[in-house]
Amino acid sequence: MYPKRILNICFFLLTTSLMAQNNQILYGFDGLPQTLMLNPGAVPKMDKHFGVPLLSNVYFQFGVTDSDVTYNNLSNGTDGESDLKNLYDLKLSNSDFFIANAQVEFINVGFRLKNPDNYLSFGMYADAKAFGKYPKSSLDLFFFGDDKNNDGSPDINKRTDFSEINSVGELTGVFHVGISKNINDRWQIGGRLKLLSGSLNYNIQDQKGQYSLDRIGQYTHNFEDMQIFLRSSGFNLPDLYPGSGLTLGDYPSILDDWNEALSGLFFMSGNFGVGIDLGLTHHFDEHITFTASLLDLDYMKYSKNNVTYTFSQENFALDDEAYWDPVPPEEDYWDNIFEDFDQDELIPIETLRTEYNTGRNPKLYTGLKYRNNNKHYRTTGHSVFRNVRSMANTDMYEIYDEFGIQTYTEFLPASVQWGATAFYAKSFNPYLSMKMTYTADNFSYTNIGFGLSTQVSYFNLFIAADNLIGIFSPKDSNYQSVQVGLNIIIP
């Protein structure tokens, strides 16, 4: 497996999965069933809901923390190697990272139980995610070898740290059931149990190792404390071992069959997991409300169709008559270097087909809002704190204005994605409401978002879009998210 081909695997998984997601527009958006997915302790305003299969929630998001990384800056219509060089020329740091997410609901159903204090919801959705840190030091080595300052002289004893290599991706089916319970006029709590079916996964985390060049007579390429692992599940990858000489050219498709990957969403892959989401709502009074949720406390076990490449040896050295000085195309250069050492079985690379366990990335939402109500009722009986028991028996609608702040934290591998949002929401009439957001996060300090919800008879349609400044020119944007949904809501 030549070095550039390993990079190609990672970029393939990142870009084709289209899978960190701050969903600040829908979080706390009144009247939408999807708010329960972001906060199981949200207050449901409906008596029943039914999501239209495959249309109740469709969500896409991508983002890079450096604003210069856009499609137009990367792609010149040629191959992936040119795109990688264009990315390198943008001078990112090793604190930059990439994310991509996608989510599609298959089923989303909810209804109030006999005790109207309790609202039960359940369903299934497909969740795809990918994350990658920018490996600056490793790409310096890839493009310039031992002459990183490109002055024609090798850098002796200058270290390349491989611990910065960090990337994960997954395609998962999530079956869930949750309950939101009204405790009293002030408190609503909720929880959600999830059963996970792992379809695809790759995992490059907790790497160790350093490289440096030494010269005593001939050049010596020193590798110290090397522990690099690429774990994967669900992909068509070859067995590698010293002297194997195999490349991905022997395996033209990383995925044998997309149908097999899709079947893995429904517990047909042998990879299983469990998880929980928790949430709450607290009304300080009739105007001020605090919300919080902790999501994706999940555990996955991958036990079928696994391939793990290990590049692990405490210390080893490769002797060479010359220092490494790549010339374009760099892929061919490193292929030849690898082949020279691999045929002598000097590269300590092995293949394991063992099970492995992973956690998913926990997410924390909080929100504080002030609501000014101008309520209109067709019947009466609703308490000043919007008591759910009364609400369930009240044919009502609300005209309201509200504003507040929200925070978002996702604990990514070796990084934290954060966001702080100020928002304004308004209900115009029983048929139309909206929410506007201004968010500062890892990707932008000028992110303006907008969400719109319409109700016609029992049908609810919502749409939400982030980073409106760049939505009409996505090829020049480093961050974008769009979400739409169609539900049947029975008040």
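Residues numbered from 1 in each chain as written. Predicted model: local features only at pLDDT ≥ 70, side-chain atom pairs only at ≥ 80, totals over all residues. Heavy atoms only, no water.

**Some words on the packing of helix α5 (residues 136–144) against helix α7 (residues 330–342)**
Then, in step 1: It is at 9 Å that the axes of α5 and α7 come closest, and there the two elements cross at 90°. On the basis of their axis angle, the class for α5 and α7 is roughly perpendicular. Within the contact between the two elements, α5 uses L141, F142 and F143 and α7 uses E330, E331 and W334.
Then, in step 2: Split into classes, the residues belonging to the contact of α5 with α7 amount to four nonpolar, no polar and two charged. (Axes fitted to C-alpha atoms, helices over the stretch in contact; angles between N-to-C directions. Helix = DSSP H or I, 4+ residues; strand = E, 2+ residues; numbered from the N terminus. Parallel < 35°, antiparallel > 145°, perpendicular 65-115°, else oblique. Contact = heavy atoms within 4.5 Å. Nonpolar A, V, L, I, M, F, W, Y, C, P; charged D, E, K, R; others polar.)

**A short note on the pattern of salt bridges**
Then, in step 1: If you walk through the whole model with that rule in mind, you get 23 salt bridges.
Then, in step 2: With a closest N to O distance of 4.0 Å, D47 and R112 form a salt bridge. Linking D47 in the loop between α2 (35–38) and β1 (48–51) with R112 in strand β3 (residues 97–112), this pair joins segments that are 65 residues apart in sequence.
Then, in step 3: Among the ionic pairs, K426 bridges to D401, the shortest N-O distance being 3.1 Å. With a gap of 25 residues between them, K426 in strand β17 (residues 415–429) and D401 in strand β16 (residues 396–412) connect regions that are remote in the sequence.
Then, in step 4: Taking relative accessible area as the criterion, D401 reaches 24% and is therefore assigned partly exposed.
Then, in step 5: Residues joined in a network through salt bridges with shared partners are D127, K129, E170, K194, D277, D296, D298, R360, K363 and E410. (Salt bridge = Lys/Arg side-chain N within 4 Å of Asp/Glu carboxyl O. Buried < 20%, exposed > 50% of the residue type's maximum accessible area, 1.4 Å probe, protein only.)

**Digging into α5**
Then, in step 1: With seven of its nine residues buried, α5 lies for the most part within the structure.
Then, in step 2: When we look at burial in α5, the residues that qualify are S137, S138, L139, D140, L141, F142 and F143.
Then, in step 3: One or two residues past the end of α5 sits G145, with phi positive at roughly 60°.

**Points about a nonpolar patch on the surface**
Then, in step 1: Together, L364, F411, V416, W418, M436, Y438, Y445, I448, L468 and I469 line one region of the surface with nonpolar side chains, adding up to about 910 Å² of accessible area.
Then, in step 2: Of all the secondary-structure elements, those providing two or more residues to the nonpolar patch are β17 and β18 (432–441).
Then, in step 3: Looking at the secondary structure, you find I448 in strand β19 (residues 447–456). (Patch = residues over 30% accessible without salt bridge, like charges linked within 9 Å, V, L, I, M, F, W, Y side chains within 5 Å. Areas by Shrake-Rupley, 256 points an atom, 1.4 Å probe, with all protein chains shown as cover.)

**Some details on the packing of aromatic side chains**
Then, in step 1: Scanning the model with the defined rule gives 23 aromatic pairs in all.
Then, in step 2: Centre to centre, the rings of F97 and F443 are 5.9 Å apart; their planes meet at 80°, and the pair counts as edge-to-face. Here F97, found in strand β3, pairs with F443, found in the loop between β18 and β19; they are 346 residues apart in sequence, far enough to count as distant. In this structure, F97 and F443 share a single accessibility class: buried.
Then, in step 3: Centre to centre, the rings of F175 and F266 are 6.2 Å apart; their planes meet at 70°, and the pair counts as edge-to-face. Placement of F175 in strand β6 (residues 167–182) and of F266 in the loop between α6 (258–263) and β10 (272–283) is noted, with a sequence separation of 91 residues between them.
Then, in step 4: Every member of this aromatic cluster is reached through a ring pair, and the members are Y211, F223, F311, F316, W324, Y333 and W334.
Then, in step 5: Here R371 stacks its cationic end above the ring of Y400, 3.8 Å away from the centre of that ring. (Phe/Tyr/Trp six-rings, centres within 6.5 Å; stacked < 30°, edge-to-face > 60°. Lys NZ or Arg CZ within 6 Å of the ring centre and 35° of its normal.)

**Quick notes on the confidence of the model for the chain**
Then, in step 1: Looking at the chain, pLDDT values average 85 and 86% of them are 70 or higher.
Then, in step 2: Model confidence for the chain, summarised as mean pLDDT per element, is weakest for helix α8 (residues 388–391) at 39 and strongest for β10 at 97.
Then, in step 3: Residue range residues 1–20 is modelled with pLDDT below 50. Its contacts to residues more than four positions away, or to other chains, number 65 contacts.
Then, in step 4: Of the regions scoring below 50 in pLDDT, residues 379–395 engages in 49 contacts with residues more than four places distant in sequence or in other chains. (pLDDT = per-residue confidence, 0-100.)

**Thoughts on empty space enclosed by the protein**
Then, in step 1: Looking at the second largest cavity, its volume works out to about 320 Å³.
Then, in step 2: Secondary-structure elements contributing two or more residues to the lining of the second largest cavity are β10, β11 (288–302) and β15 (363–377).
Then, in step 3: For the lining of the second largest cavity, the leading source of residues is β15, giving four residues. (1 Å grid on protein atoms, 1.4 Å probe; cavity = no way out; pocket = protein on both sides within 12 Å on 5 of 7 lines; lining within 4 Å. Points joined across faces, edges and corners; volume = space filled by probe spheres on them.)

**Remarks on the environment of F459**
Then, in step 1: Within the secondary structure, F459 is located in strand β20 (residues 459–465).
Then, in step 2: On the basis of relative accessible area, F459 is assigned to the partly exposed category, the value being 46%.
Then, in step 3: A C-alpha to C-alpha distance of 9.8 Å links F459 and H49, two positions 410 residues apart in sequence.
Then, in step 4: If we ignore the near neighbours within four places in the chain, the residues touching F459 are T454, N487 and I488.

**Topic: unusual backbone geometry**
Then, in step 1: The omega angle of the peptide bond from P328 to P329 is -5°, so this bond is cis rather than trans.
Then, in step 2: For D296, which is not glycine, the phi dihedral falls at a positive 60°.
Then, in step 3: Tracing the sequence through the fold places D296 in strand β11.

**A short note on the pairing of β11**
Then, in step 1: Of the pairings in the sheet, the one linking β10 to β11 comprises 11 bridges and is antiparallel in character. Paired with L278 across the strands is L294, a residue of β11.
Then, in step 2: Here β11 pairs with strand β14 (residues 356–359) via four bridges, running antiparallel. Within the sheet, the bridge partner assigned to M300 lies in β14 and is T358. (Pairing = 2+ DSSP bridges.)

**Looking at the nonpolar core**
Then, in step 1: By size, the foremost hydrophobic cluster in this structure holds 49 residues, and its most contacted members are L87, F223 and W324.
Then, in step 2: Of all hydrophobic cores here, the second largest spans 11 residues; its members include F29, L32, Y408 and A464. (Core = buried A, V, L, I, M, F, W, Y, C linked by side-chain atoms within 4.5 Å.)

**Remarks on the pairing of strand β13 (residues 349–352)**
Then, in step 1: Residues I349 and T351 of β13 are buried on one face, while the alternating residues E350 and L352, pointing to the opposite face, are not.
Then, in step 2: The pairing of strand β12 (residues 306–320) with β13 spans four bridges and is antiparallel. Note that in β13 the partner of T310 across the bridge is E350.

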